[in-house]
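A structural walkthrough
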Amino acid sequence: MSDNGTLWPLETPSQEGLADGVVLLRNFCGSDAASLLQEIDTIAAVAPFRQLTVPGGHTMSVAMTNTGTFGWTSDRAGYRYTTNDPLSDRPWQPMPRSFLALAELAATEAGFAPFTPNACLINRYAVGAKLSLHQDKDELDYTHPIVSVSLGLPATFLLGSLQRSDTPRRIRIESGDVMVWGGPARLIYHGVAPIRPGSHPLTGSFRINLTFRCVMH
Ligand code: MD6
Ligand code: FE
């Protein structure tokens with residue numbers, strides 16, 4: 001099955017090295033998009049998307065939920081991984097096999113095998129939502145890569161460097177694209193520019209991003 005509507009050009013899978021340790025797999029999972037989104041609906045029915053508060057006190061524009069042994073969360077006390085959803089105090093739901101298989105395959109394709117994630121952060125962006133420049137550094141073990149899957153509305157990904165002050169490169173990311181990120185790039189600054197208005201055949205006015213991580217335990 002294809003997620004290709006008339007307005008959405010069909011791209012052949014291809015691989016781009018964006019920086020040392022950053023590989024973009026274009027349209028790697030376009031044909032899985034509908035079934036991935038169905039799994040996400042099932043997950044969000046139990047662990048709903050929520051806009052978290054950061055330690056500084058502001059509310060994130062991106063709404064989040066998780067699947068896997070660990071889930072990322074934030075509140076006034078800080079950022080951390082938890083085994084239970086703070087909203088329900090029940091464990092996050094097990095990661096669907098299809099998610100695990102996709103993450104493993106993408107990591108292998110990018111040269112980061114073996115990779116067995118135990119956390120999947122699910123981000124939902126409405127139009128205007130953004131993610132400020134940050135490093136992913138709550139995982140404790142940086143030998144593992146991160147696999148990032150984009151679905152729905154396109155985004156401008158901000159790809160920085162190890163120094164926050166460097167101006168990030170702007171990279172257009174579309175539904176089905178998978179970015180794999182590790183080794184020398186594991187701690188680079190990155191973010192997502194405000195999502196532009198639009199409509200995608202599978203997600204309407206949203207962008208969804210999955211980031212698969214291996215959290216130390
Ligand atoms: C997003 N992604 O694309 C947010 N982090 O919605 C991330 O913050 C991210 O895509 C680390 C590695 C890849 C990513
Ligand atoms: Fe990140």
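Just so you know, these numbers come straight off a predicted model, no measurement behind them. (Residues numbered from 1 in each chain as written. Chains lettered and ligands numbered in written order. Predicted model: local features only at pLDDT ≥ 70, side-chain atom pairs only at ≥ 80, totals over all residues. Heavy atoms only, no water.)

Not every one of the 14 residues close to ligand 1 is listed here, only the nearest: Tyr 125, Asp 136, Ser 148, His 190 and Arg 207. The separation between an oxygen atom of ligand 1 and a polar side-chain atom of Tyr 125 is 2.4 Å. His 190 has a polar side-chain atom sitting 2.7 Å from a nitrogen atom of ligand 1. When ligand 1 sits alone it has 340 Å² of accessible area, and the protein chains cover 99% of it. At the level of secondary structure, the elements contributing two or more residues to the shell around ligand 1 comprise strand E8 (119-126), strand E9 (131-134), strand E10 (146-152), strand E14 (190-192) and strand E15 (206-213). (Near = heavy atom within 4 Å. Polar contact = N/O pair within 3.5 Å; in protein donor to acceptor, adjacent residues only side chain to side chain. Areas by Shrake-Rupley, 256 points an atom, 1.4 Å probe, with all protein chains shown as cover. Helix = DSSP H or I, 4+ residues; strand = E, 2+ residues; numbered from the N terminus.)

In terms of nonpolar packing, the biggest core is built from 31 residues, with Ile 40, Phe 99, Val 147, Val 149 and Phe 212 touching the most fellow members. Among the elements that line this core, the one with the most residues is helix H1 (residues 33-46), at 6 residues. Once you skip the residues sitting within four places of it in the chain, Ile 40 turns out to touch Phe 49, Phe 99, Ile 122, Leu 151, Ile 208 and Leu 210. Counting 30 residues, the second largest nonpolar core, distinct from the first, contains Leu 131, Ile 173, Met 179 and Ile 188. (Core = buried A, V, L, I, M, F, W, Y, C linked by side-chain atoms within 4.5 Å. Buried < 20%, exposed > 50% of the residue type's maximum accessible area, 1.4 Å probe, protein only. Contact = heavy atoms within 4.5 Å.)

Moving on to the sheet that holds strand E11 (residues 155-159). Across the sheet, 4 strands lie side by side as E9-E14-E11-E12; this open sheet has antiparallel pairing. Single-partner strands in this sheet number two, and they are E9 and strand E12 (169-173). Direction aside, the axes of adjacent strands within the sheet are offset by 20° on average. As paired elements, E11 and E14 share 3 bridges and run antiparallel to each other. Paired with Phe 157 across the two strands is Val 192, which belongs to E14. (Pairing = 2+ DSSP bridges. Axes fitted to C-alpha atoms, helices over the stretch in contact; angles between N-to-C directions.)

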